[in-house]
Amino acid sequence: MAQRRKNYRLDPSPVGLVGVPASLVVNFLDPNGRLESSFDFTVYRTAPRIAAETALAFRHHHAGHSPATREGAFNTLSRWFAFLNDHTSEITSMGDVDTAVLHAFIAWLNAKPWTKSSRHGSWSVLKQMIGWLKHNRPDLVARDLEIPFNAFPRKNAETRPREALSRSEMEAVLAAGRKDIEASWATFQRGKALLSQVDREAIARERDLSRLDLDDLGVMLAVIVEHYGGLMPPQNVTLKRGSGRWRLHFASVRHGGNQKLSSYLHALPETLIPYMIAIGAQSYANPEALRELRRDCMSDHLLLEGREVMTWSKGRSNRLQRRSFLRNKSLSVPHLVDRVLEMTARLLPHVPAQDRDRLFLVASINGSRATQLIPNYLASKHVRLFVQRHDLVDEKGDPLALTLAALRTTGLTLAHEALGHDILKTQVLANHVTPDTTQRYIDRPIVRRAQERVVGDLQARFVDIVRGTDAPERRDEISATDAAYATAAGFTCKDPLAGVGEGQKVGRLCTAWLGCFTCPNAVIPLDPDVLARLISTRDALVAARQELAPDRWRLLYAPKLEILENDILPRFSSELHLAASMKMAPALPVIE
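Fair warning: this is a prediction, and the values are worked out from it, not measured in the lab. (Residues numbered from 1 in each chain as written. Predicted model: local features only at pLDDT ≥ 70, side-chain atom pairs only at ≥ 80, totals over all residues. Heavy atoms only, no water.)

Peer 1: Before we go on, may I ask you to explain unusual backbone geometry in this structure?
Peer 2: Residues other than glycine predominantly adopt negative phi, and peptide bonds predominantly adopt the trans conformation. Positive phi, close to 60 degrees, is recorded for Tyr284, a residue that is not glycine. Counting through the fold element by element, Tyr284 comes out in the loop between helix H11 (269–283) and helix H12 (287–291). For Tyr284, a relative accessible area of 12% gives the class buried. (Helix = DSSP H or I, 4+ residues; strand = E, 2+ residues; numbered from the N terminus. Buried < 20%, exposed > 50% of the residue type's maximum accessible area, 1.4 Å probe, protein only.)

Peer 1: Would you take a moment to explain the pattern of salt bridges for this structure?
Peer 2: All told, the structure shown has 19 salt bridges when counted by the stated rule. Linked through salt bridges whose partners overlap, the residues forming this network are Arg294, Asp296, Asp357 and Arg358. (Salt bridge = Lys/Arg side-chain N within 4 Å of Asp/Glu carboxyl O.)

Peer 1: Sorry, what's going on with the nonpolar core here?
Peer 2: Inside soluble globular proteins, nonpolar side chains tend to come together where they are buried. Ile279, Leu293, Phe360 and Leu402 are the most contacted members of the largest nonpolar core, which totals 46 residues. Residue assignment for this core shows that the elements contributing at least two residues are helix H5 (167–196), H11, H12, strand S4 (307–313), helix H13 (333–344), helix H14 (376–389) and helix H15 (404–418). Among the elements that take part in this core, H11 stands out by supplying 8 residues, more than any other. Each residue touching Leu293, except ones within four places of it in the same chain, is listed here: Ile279, Met310, Trp312, Asp357, Arg358, Leu359 and Phe360. By size, the runner-up hydrophobic cluster in this structure holds 40 residues, among which are Phe41, Ala73, Leu140 and Leu145. (Core = buried A, V, L, I, M, F, W, Y, C linked by side-chain atoms within 4.5 Å. Contact = heavy atoms within 4.5 Å.)

Peer 1: Even after reading the chapter, I still don't get a nonpolar patch on the surface, so can you show me in this structure?
Peer 2: Residues Leu239, Trp246 and Phe250 make up a contiguous nonpolar surface patch of about 310 Å² in total accessible area. Relative to the helices and strands, Phe250 is located in helix H9 (residues 246–254). By relative accessible area, which is 43% here, Phe250 ends up partly exposed. (Patch = residues over 30% accessible without salt bridge, like charges linked within 9 Å, V, L, I, M, F, W, Y side chains within 5 Å. Areas by Shrake-Rupley, 256 points an atom, 1.4 Å probe, with all protein chains shown as cover.)

Peer 1: Explanation requested: the packing of helix H2 (residues 67–87) against helix H3 (residues 99–110) in the structure shown.
Peer 2: Between two packed helices, what matters for the description is the angle formed by their axes and the separation of those axes. Two numbers describe how H2 lies on H3: the axes approach to 11 Å, and their chain directions differ by 105 degrees. Accordingly, the angle class assigned to the pair H2 and H3 is roughly perpendicular. Listed contacts from H3 to Arg79, Trp80, Ala82, Phe83, Asp86 and His87 of H2 are Val101, Ala104, Phe105 and Trp108. Of the residues that constitute the contact of H2 with H3, the class distribution is 7 nonpolar, 1 polar and 2 charged. (Axes fitted to C-alpha atoms, helices over the stretch in contact; angles between N-to-C directions. Parallel < 35°, antiparallel > 145°, perpendicular 65-115°, else oblique. Nonpolar A, V, L, I, M, F, W, Y, C, P; charged D, E, K, R; others polar.)

Peer 1: Would you mind going over H2 with me for this structure?
Peer 2: Three or four residues apart is the spacing at which side chains of an α-helix point the same way, because the helix has 3.6 residues per turn. If you check H2, its first and last C-alpha atoms are 31 Å apart, about what 21 residues at 1.5 Å a residue would give, namely 30 Å. Taken as a whole, H2 has its buried residues at Arg70, Ala73, Phe74, Leu77, Trp80, Phe81, Phe83 and Leu84. In an axial view of H2, the angular spread of the buried residues amounts to 155 degrees, which keeps them on one side of the axis. Exposed positions of H2 whose direction lies more than 90 degrees from the buried face are Asn85 and Asp86. Looking at the buried side of H2, the elements it contacts are strand S1 (25–29), strand S2 (35–40), helix H1 (48–61), H3 and helix H4 (116–136). (Expected span 1.5 Å × (residues − 1). Arc of directions from axis to C-beta.)

Peer 1: Please clarify how the pairing of S4 should be interpreted in this entry.
Peer 2: Where strand S3 (residues 298–300) and S4 come together, 3 bridges link them in antiparallel fashion. Its bridge partner being in S4, Ser299 is matched across the sheet by Val309. Here S3 folds back onto S4, and the loop between the two strands holds 6 residues, one of which, Gly306, carries a positive phi near 90 degrees. (Pairing = 2+ DSSP bridges.)

Peer 1: Help me out: how do you make sense of the packing of aromatic side chains in this one?
Peer 2: For any pair of aromatic rings, the description rests on two quantities: the centre-to-centre distance and the angle between the ring planes. Here the structure, examined in full by the defined rule, presents 18 aromatic pairs. Measuring from centroid to centroid gives 4.1 Å for Tyr44 and Phe81, while their planes differ by 5 degrees, and the two rings are stacked. With Tyr44 in the loop between S2 and H1 and Phe81 in helix H2, this residue pair connects regions lying 37 residues apart in the sequence. Owing to a relative accessible area of 10%, Tyr44 belongs among the buried residues under this scheme. By relative accessible area, Phe81 is classed as buried at 3%. Members of the aromatic cluster, joined through ring pairs, are Phe28, Phe39, Phe41, Tyr44, Phe58, Phe74 and Phe81. (Phe/Tyr/Trp six-rings, centres within 6.5 Å; stacked < 30°, edge-to-face > 60°.)

Peer 1: Can you help me understand the environment of Thr88 in this one?
Peer 2: Within the fold, Thr88 resides in the loop between H2 and H3. Owing to a relative accessible area of 25%, Thr88 belongs among the partly exposed residues under this scheme.

Peer 1: Would you mind going over H11 with me for this structure?
Peer 2: With 15 residues, H11 should reach 21 Å at 1.5 Å per residue; the first-to-last C-alpha distance of 20 Å fits that figure. With respect to burial, H11 is a largely interior element, 13 of its 15 residues being buried. Once H11 finishes, Tyr284 follows within two positions and takes phi at roughly 60 degrees, a positive value.

Peer 1: Before we go on, may I ask you to explain the packing of H1 against H4 in this structure?
Peer 2: Closest axis-to-axis distance for the H1/H4 pair is 9 Å, and the angle between their directions is 90 degrees. With respect to each other, H1 and H4 are oriented roughly perpendicular. Facing H1, whose interface residues are Glu53, Thr54, Leu56, Ala57, Phe58, His60 and His61, H4 presents Gln128, Met129, Trp132 and Leu133. Its residues assigned to classes, the contact of H1 with H4 comprises 6 nonpolar, 4 polar and 1 charged.

Peer 1: Before we go on, may I ask you to explain the environment of Ile442 in this structure?
Peer 2: As for its placement among the helices and strands, Ile442 is situated in helix H17 (residues 435–442). Judged by relative accessible area, which is 0%, Ile442 ranks as buried. Taking the C-alpha atoms as reference, Ile442 lies 6.9 Å from Thr409; in sequence the two are 33 residues apart.

Peer 1: Can you help me understand the side chain of Gln321 in this one?
Peer 2: Relative to the helices and strands, Gln321 is located in strand S5 (residues 320–326). A residue is classified by how much of its surface remains accessible, and Gln321, at 2% relative accessible area, is buried. Side chain to side chain, Gln321 and Asn431 meet in a polar contact 3.3 Å long. Here Gln321 is in contact with Met310, Thr311, Trp312, Lys314, Ala430 and Asn431, once residues within four sequence places are set aside. (Polar contact = N/O pair within 3.5 Å; in protein donor to acceptor, adjacent residues only side chain to side chain.)

Peer 1: Just to check I follow, could you spell out the side chain of His227 for this structure?
Peer 2: Within the secondary structure, His227 is located in helix H7 (residues 217–228). If sequence neighbours within four positions are ignored, His227 has contacts with Ile203, Ala204, Glu206, Arg207, Ala222 and Arg245.

Peer 1: Help me out: how do you make sense of the pairing of S1 in this one?
Peer 2: Burial along S1 is one-sided: Val26 and Phe28 are buried, and none of Val25, Asn27 and Leu29, which face the opposite way, are. Examined bridge by bridge, S1 and S2 share 5 bridges and lie antiparallel to one another. When the sheet's bridge partners are listed, Val26 is paired in S2 with Phe39. What sits between S1 and S2 in their antiparallel hairpin is a turn of 5 residues, with Gly33 showing a positive phi close to 85 degrees.

Peer 1: Is there a simple way to think about the sheet that holds S4 in this case?
Peer 2: The strands that make up a sheet pair up through hydrogen bonds in the backbone, lying either parallel or antiparallel. With antiparallel pairing, 3 strands are arranged side by side in an open sheet as S3-S4-S5. Taken across any chain shown, the strands that pair with only one partner, and hence form the sheet edges, are S3 and S5. Ignoring strand direction, the axes of neighbouring strands in this sheet form an average angle of 30 degrees. Inspection of the sheet shows S4 paired to S5 by 7 bridges, in the antiparallel sense. Pairing of Ser313 across the sheet is with Leu320, part of S5. Against the sheet, H11 touches S4 and S5, its axis set at about 100 degrees to S5.

Rendered as structure tokens:
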């Protein structure tokens, strides 16, 4: 069979977009063809043609972006249309927008009381729309249009550093979270044990609650599970006239209330928050990405046995975020996720379809009794209650400013320190595209000082290499102390870097510095002050023989005493001994 020849012909160029844009509604579909998000530009009906042309650019530019990015860009475009309403009514299409109009928009933004990064964000969204039109539909923009370059220089210079906790504060938070996690898990496990001890099938068939012992906690839990799907019924159900369910209401009160009973059956907002804190502190996930973790976020590592990979999506990025974890600790991320999966499994039949694949599901006990992905406001509220419940304070004694967003900043700051202040390694850990983003997370005074020390050391090593010296190898080991003051029991060392001692190397500080009596580099002046210190050292060694363990004494101190008494002290004359005896004995450190 003849081999088919490869076709090297190029496909014809796509037909360019033509015509006047008219659609004001932009729809985006998900990979399955279902509607993912929709944006209605008819809200900008005061400039319908500009809205249609902007909608065209919006549709094509954001086709491959995440829903969160599209939502943010659409909301930000409202500032452009607000400017057009304030500026002039003569601009009816994007073709009327020239460079002067763009400069006027920049000036309009600068007059607003917004941060520079916020003003830059508003300009950047519009610049993307105009850039797409200029490249793909030049017939819709002014022919001589020039887009201003770097309209907001150093946009992050004025940005406040992200809030981060100190190491001690973070340890206190994790300790409090560990306490809550173990308590809630023990309660949930007790609920499972109680349910296993009763006849759930018989309870499910029984409709007359008066025939059941509702004072038995296991029976009470079984009634909730079998008759109400595991969720506590509201009072308008239990106290409904003629329903015969009033016994359930009063039994609930006797057992501690709906909140207590629900904690035996499924996760509550206050029980989920410690899990979110512990997982966020270890994964460094953004708060919204953490809240929207999927139930299938954990998977086995393909190469490393015993490790599991946590995968999640970040709102403004199409790149998946990943971190791997060991299962060797009870509070490691894989174990925590397994617990949350089990504690929220009973809620799955009750949650809306769009939340059914999420991890952090909760059921409200009061009010609407909604069962859903934990809302942002509820997560923030219970983080504050978590701080109050455990009386967590900062280094000033004020209530700790703990937020889910602070977990990522704190984790990256501490990891940056552990990685030797290497910003490129921290960038990989944070899954950032550029190190500039990472720098904004870890920019702290203490980090800057450490970075300056590292940079200074690298610069010094570079200078040493250029000069051809051997300083890079010696730098860490050479002491800043002058050799003239290298006192060892009263005498000086001629050169602690000479390497003449046994096992020593030239250029490296002697490992026996300050402690060797027999070093050939030792210089012992025949001086009464030196002799007085040597005699005091001998007396201290003799006294220590009575207090130290015999084996330790023989190993460490007996050789030194023998050298002092038999070799060094006899070299001093009797006149020097007499002069030394009249001097005050110097204080010596305790011999241990």
